[in-house]
Amino acid sequence: MSRHRRCRRVGFQPHITSFGPVGTIDLANVSIAVDEIEAIRLKDLEGLEQEKAAKMMGISQPTFHRVLEIARKKVARAIVEGKVLRIGGGVYELKENKDYVCYDCNYGWEVGYSTPSPMVCVNCESKVGDKNERR
Ligand SMILES: [Zn+2]
């Protein structure tokens with residue numbers, strides 16, 4: 001683990017670790033780190049603001065911006081130049097749950113990333129407002 005790079009929190013571990021042009025033999029490839037894929041997932045798939053996505057990954061907004069730019073360029077290069085995209089590596093820790101807190105009773109709980117956001121508090125059943133990433 002490199003010393004100068006801060007650990008980045010990611011919400012999923014990619015199970016598919018290789019994409020490539022159909023019908024070609026795996027030659028040149030582009031490597032993309034798990035935290036870079038996470039940046040694309042949060043910004044381009046989930047549609048989060050950079051500030052919020054950065055917070056979820058435990059990094060600064062400028063760092064998130066840089067990671068996202070690098071990640072997008074790698075994906076673009078793989079598609080445009082017909083290269084295999086390999087996903088793996090990077091300095092990251094897996095955080096598979098989202099934290100929620102009820103604004104009425106202050107009860108906190110976790111929900112898996114792939115689980116839909118809860119509509120009501122699991123404790124008092126009052127309506128849940130905004131997700132609260134308490135980190
Ligand atoms: Zn509650």
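Above this note sits the structure.
Residues numbered from 1 in each chain as written. Predicted model: local features only at pLDDT ≥ 70, side-chain atom pairs only at ≥ 80, totals over all residues.

Asker: For this particular structure, what's the right way to read helix α3 (residues 61-80)?
Answerer: Each turn of an α-helix holds 3.6 residues, which means side chains three or four residues apart point in the same direction. Compared with the 28 Å implied by 1.5 Å per residue over 20 residues, the 28 Å span of α3 between its first and last C-alpha is a close match. Looking at α3, one finds that the buried residues are Phe64, Val67, Leu68, Ala71, Lys74 and Ala78. Here the buried residues of α3 occupy an arc of 130° about the axis, which is enough to place them on one side. Away from the buried face of α3 by more than 90 degrees, exposed residues Pro62, Glu69, Ala76 and Val80 are located. Against the buried residues of α3 lie β3 (29-32), α1 (34-45), α2 (50-57) and β4 (84-87). (Helix = DSSP H or I, 4+ residues; strand = E, 2+ residues; numbered from the N terminus. Expected span 1.5 Å × (residues − 1). Buried ≥ 20, exposed ≤ 12 C-beta atoms within 10 Å, placed from the backbone. Arc of directions from axis to C-beta. Contact = placed C-beta atoms within 7 Å.)

Asker: Would you explain unusual backbone geometry in this entry?
Answerer: Residues apart from glycine generally show negative phi values, whereas peptide bonds are mostly found in trans. One non-glycine residue, Asn106, lies in the positive phi region at around 70°. Within the secondary structure layout, Asn106 lies in the loop between β6 (97-101) and β7 (108-112). According to the C-beta neighbour criterion, Asn106 is exposed, with 10 such atoms within 10 Å. Unlike most non-glycine residues, Glu125 shows phi in positive territory, near 65°. You can see Glu125 is positioned in the segment after β7. When the 12 C-beta atoms within 10 Å are taken as the criterion, Glu125 is described as exposed.

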